[in-house]
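Read off the chains here:
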Amino acid sequence: MSAATEQTQATAEFTEMERAVINRLQTGLPLVRRPYAAVAGELGITEQALLHTLEDLLDRRILTRFGPMFHAGEMGGGLTLAAMRVPEQDFEDATRKVNAFDEVAHNYRREHELNMWFVLATEAPEDIARAIAAIESATGYAVYNMPKEEEFHVHLHFPV
Amino acid sequence: MSISTSRSDQEYVLCELDRKLILATQGGLPLVPDPWGTLGKELGLPADEVLARFQRMQDAGVIRRVAAVPDHYRLGYRFNGMTVWDVRDDAITDMGRQVGELPFVSHCYRRPRHLPYWNYNLFAMVHGTSREEVEDKASQINDLFGDTCEGHTILYSSAILKKTGLRLRKS
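Residues numbered from 1 in each chain as written. Chains lettered and ligands numbered in written order. Predicted model: local features only at pLDDT ≥ 70, side-chain atom pairs only at ≥ 80, totals over all residues.

1. Regarding the domain arrangement of chain A
To be explicit about the condition: The source of the domain bounds is an automatic or database domain assignment.
Each assigned domain of chain A is listed with its residue range as follows: domain 1 (16–59) and domain 2 (72–146). Computed from C-alpha atoms alone, the centre-to-centre distance between domain 1 of chain A and domain 2 of chain A is 35 Å.

2. What about the packing of helix α4 (residues 92–101) of chain B against helix α5 (residues 131–145) of chain B?
Residues and elements named next belong to chain B. Here is the rule: Every angle, taken between N-to-C directions, lies between 0 and 180 degrees, and every axis is a line fitted to C-alpha atoms, over only the stretch in contact when it is a helix. Numbering goes from the N terminus for both helices and strands, where a helix is a DSSP run of H or I of at least four residues and a strand is a run of E of at least two. Handedness of a crossing follows from how the near helix is turned relative to the far one, being left-handed for an anticlockwise turn of less than a right angle and right-handed for a clockwise one. With C-beta atoms placed from the backbone, a contact is any residue pair whose C-beta atoms sit within 7 Å. Residues are sorted three ways: Asp, Glu, Lys and Arg are charged, Ala, Val, Leu, Ile, Met, Phe, Trp, Tyr, Cys and Pro are nonpolar, and all the rest, Gly among them, are polar.
Relative to each other, α4 and α5 sit at 145 degrees, their axes nearing to 10 Å. In this structure, the crossing between α4 and α5 has a hand that is right-handed. Of the residues in α5, those in contact with Met95, Gln98 and Val99 of α4 are Ile141, Leu144 and Phe145. Here the residues of the contact of α4 with α5 sort into five nonpolar, one polar and no charged.

3. Examining unusual backbone geometry
Generally, phi is negative for residues other than glycine and the peptide bonds are trans, each holding for most cases. Stated precisely, the cut-off is as follows: We call a residue exposed when 12 or fewer other C-beta atoms sit within 10 Å of its C-beta, buried when the count reaches 20 or more, and partly exposed for counts in between; the C-beta positions come from the backbone.
Omega for the peptide link from Leu115 of chain B to Pro116 of chain B comes to 5 degrees, which places this bond in the cis form. A positive phi angle, near 65 degrees, is found at Arg61 of chain A, a position not held by glycine. On the secondary structure map, Arg61 of chain A appears in the loop between α3 (47–59) and β2 (63–70). Taking the C-beta count within 10 Å as the criterion, Arg61 of chain A has 15 such neighbours and is therefore assigned partly exposed.

4. What about the domain arrangement of chain B?
By convention, interface size is frequently given as the accessible area that disappears when the constituent parts associate. Its domain assignment divides chain B into domain 1 (2–60) and domain 2 (79–156). Centre-to-centre, using C-alpha coordinates, domain 1 of chain B lies 35 Å away from domain 2 of chain B.

5. Focus: the interface of chain A and chain B
The line we're drawing: Note on pairing: DSSP must find at least two bridges between two strands before they are called paired.
Counting residues at the interface gives 68 residues for chain A and 69 residues for chain B. Per-element tally for the side of chain A that touches chain B: the top contributor is β2 of chain A, with eight residues. Here the side of chain A that touches chain B is built from residues that sort into 34 nonpolar, 17 polar and 17 charged. Judged from the four bridges that link them, strand β7 (residues 150–154) of chain A and strand β5 (residues 105–110) of chain B form a sheet pairing that is antiparallel. In the sheet register, Glu151 of chain A faces β5 of chain B, and the bridge partner there is Tyr109 of chain B.

6. Some details on the environment of Leu144 of chain B
Relative to the elements of secondary structure, Leu144 of chain B occurs in helix α5. Leaving out residues up to four positions away in the same chain, Leu144 of chain B has contacts with Met95, Gln98 and Val99 of chain B.

Take a look at the structure:
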């Protein structure tokens, strides 16, 4: 389990260049022939320096990913948020079982009686029910399915 | 696979080549000066066509954007509060829109209740560098509701257990 906890995970320190790259690349790469050169030009650095910084931020897991952010709902697949109530003594074991499912895209521990919250993404909408049933049978806990019924806003941006 | 988009009522049809591009990039875009050319070589397409397909998928909303996804803990946003609200059904669409417009709300969705156990139907994600900051933001949300909200709570995340992002399966 690679759980990053608030207690153990230090906030990283950034150079000016890293800061600029993190802030700029969260808003999206321009879709042009030489996109990295275009962003490097905006930031006043070389394309090589941008690529090197980006690679380094990914290696250090400051960035978990760089690439297209897909809108699963727009891809015809199934997507839902689900929650489970897991007793403390079984939490690690249940985490391992839940994370083993490819359909689990994100999983967070949260401080609540419902203490495990995960996003399920499947290629076909009807696979969601199947995945939930499989998780319930693997873990022995009820899964509360909370698919989105209306989307009001999605925009992640964390300035540093 | 045919899909409908939120930006228009037209259907965008994800063809086999789009699917291949998604599969080739869901782990990440190549970190080379000409990423479209690199992908094109892999798939036997001209770089310009790869780029044009990305542009079309982004215009259709299949791709939100091509961007960096940070580990927000490592950026100092250590407090990730999922604020959940029990909002009157007849007010939720209007209230959801207002909450979604707040600059510090990163995601805002209506979700089903699970009565009697879970009575919250509006979820708004709020991030902060301290618990106080998240609570202050939650109280700004609370101010919007007036008498349309019966109760709320904040679920803080204490660990990321998995974060791989959405994946298509290679079929």
